[in-house]
Amino acid sequence: MIVITGAAGFIASVIAARLNKDNYNDLILVDDFSRQDRERNYSELQYNQLVDRDHFMQWFDDNHSQVEFVIHMGARSATTEFDYSVLEKLNLQYTKDIWTRCAKYGIGLIYASSAATYGDGELGYDDNHELPYQLKPLNPYGVSKNEFDKWALQQEKQPYFWAGLKFFNVYGPNEYHKGSMASVILHAYKQITETGGMKLFRSHKEGIADGHQSRDFVYVKDIAEVIMYLMENRKGCGLYNVGTGKARTFLDLVKATFKAMGKPENISFIDTPLKIRDKYQYFTQANIQKLRDIGYNRPMTELEDGVSDYVKNYITGNKIYNGKN
């Protein structure tokens, strides 16, 4: 029995579908299942039971003997959430409660950290275990993720296997419900469809041209493959970057979207909103050598290939990824 938290959400629903693809069907899906706009993310999955996130700890205590592994993706993921008490409850304390139980009951754990922990990147993007104590995330979401990473590293009682995954900029199917927090690709598709063009944030940093703000964009299907590998091999506990290892510009991303849509490029620029301007990352790039060193050798999807697959096979038909497509 495998537990997946955040199962109605973007990344976790893709992971569950990928598990189904390899006939892992004895799944316990945990989330707040009250939102109808997320129902189709899990409606086609094979699973054992849905458990409300507020009741999960009691369920875990009652059923731990049947649980083999926990994949904890559930979190308040909005980088625009500035009420730290919300993040402390959902991202920090909830994850501590899961960790403590996994350690107590002898259950493996993979949890979602974030590249947001790296702040403006002045200290680099290495997933060693010394860096978290020096990092200065730019928003409360990043702070909450980094605080848990630090806490985990200090624990004497640990799950027999654990991995904290620092996801970089994830895009792909099953993010339709995310609204403003969805990837630029989904926003671009909608804007291009409605207006024929796409507006990107102007650069407000000297030496970086408009549209040349860069991210390590990683396809959600690659995230699922990494998690499958870690769950099945269970070697090398610790923090891991999960990205492509190659930064690409937002211009690259949007040009790939126009191409996948078969539309002529029409890109303009607007000012970055003041409320996020001083918290904006201009460059991220994962060092994924540590992941390679434990034997994960599958190539990461090239940006143009990932965008093409996402646009043509999912967005265009308003389809979700269900493990069969």
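Because the structure is a prediction, the values reported are computed rather than measured.

A. Expanded view of the pairing of strand 1 (residues 2–5). Residue alternation in strand 1 divides its side chains into two sets, Ile 2 and Ile 4 and Val 3 and Thr 5, and both sets are buried. The pairing of strand 1 with strand 2 (residues 27–31) spans four bridges and is classified as parallel. Across the sheet, residue Ile 4 finds its bridge partner in strand 2, namely Leu 29. Strand direction decides the pairing type here: strand 1 and strand 4 (residues 69–72), joined by four bridges, are parallel. Looking at the pairing, Thr 5 lines up with His 72 of strand 4.

B. Representation of the pattern of salt bridges within the structure. Within this structure, the stated rule accounts for 15 salt bridges. A salt bridge links Glu 68 to Arg 234, with the nearest nitrogen and oxygen atoms 3.0 Å apart. With Glu 68 in the loop between helix 3 (56–63) and strand 4 and Arg 234 in the loop between helix 7 (220–233) and strand 11 (238–242), the pair connects residues that are 166 residues apart, well separated along the chain. What makes Glu 68 partly exposed here is its relative accessible area of 43%. Between Asp 149 and Lys 166 there is a salt bridge, with its nearest N and O atoms 3.8 Å apart. With Asp 149 in helix 5 (residues 140–153) and Lys 166 in strand 6 (residues 162–167), the pair connects residues that are 17 residues apart, well separated along the chain. In the salt-bridge network here, residues are joined through shared partners; they are Arg 18, Asp 22, Glu 225 and Arg 298.

C. The arrangement of the packing of helix 3 against helix 4 (residues 84–105) in detail. Orientation of helix 3 relative to helix 4, taken along the N-to-C sense of each, is 0 degrees, at an axis distance of 11 Å. If you check the angle between helix 3 and helix 4, you find them roughly parallel. Counting all contacts with helix 3, which are made through Phe 56, Met 57, Phe 60 and Asp 61, the residues of helix 4 involved are Tyr 94, Asp 97, Ile 98, Arg 101, Cys 102 and Tyr 105. Considered class by class, the residues forming the contact of helix 3 with helix 4 number seven nonpolar, no polar and three charged.

D. View of the side chain of Lys 166. Residue Lys 166 is classed as buried on the basis of its relative accessible area of 1%. In this view, Lys 166 contacts Ser 113, Ser 114, Ala 115, Thr 117, Tyr 118, Leu 135, Asn 146, Asp 149, Leu 239, Tyr 240, Asn 241 and Val 242; residues no more than four positions away in its chain are not counted.

Rules used throughout
- For every chain, the first residue of its written sequence is number 1, and the numbers climb from 1 along that sequence.
- Residues qualify for local features only when their pLDDT is at least 70, as the model is predicted, and side-chain atom pairs are given and counted only at 80 or more; totals for whole chains, interfaces and linings, by contrast, use all residues.
- Processing note: side-chain calculations cover all non-hydrogen atoms of the structure and skip hydrogens and water entirely.
- We call a residue buried when its accessible area falls under 20% of the maximum for its residue type, exposed when it is over 50%, and partly exposed in between, using a 1.4 Å probe and counting protein chains only.
- Strands here mean DSSP runs of E at least two residues long; helices mean DSSP runs of H or I at least four residues long; both are numbered from the N terminus.
- What makes two strands pair is DSSP finding at least two bridges between them.
- When a carboxyl oxygen of Asp or Glu is within 4 Å of a side-chain nitrogen of Lys or Arg, the pair counts as a salt bridge.
- Helix axes use the C-alpha atoms of the stretch in contact, all axes being lines fitted to C-alpha atoms, and the angles between their N-to-C directions lie in the range 0 to 180 degrees.
- With respect to orientation, any angle under 35 degrees is reported as roughly parallel, any angle over 145 as roughly antiparallel, any angle of 65 to 115 as roughly perpendicular, and every other angle as oblique.
- A contact between two residues is defined here by any heavy atoms of the two lying within 4.5 Å.
- Amino acids outside the nonpolar list (Ala, Val, Leu, Ile, Met, Phe, Trp, Tyr, Cys, Pro) and the charged list (Asp, Glu, Lys, Arg) are all regarded as polar, and Gly is one of them.

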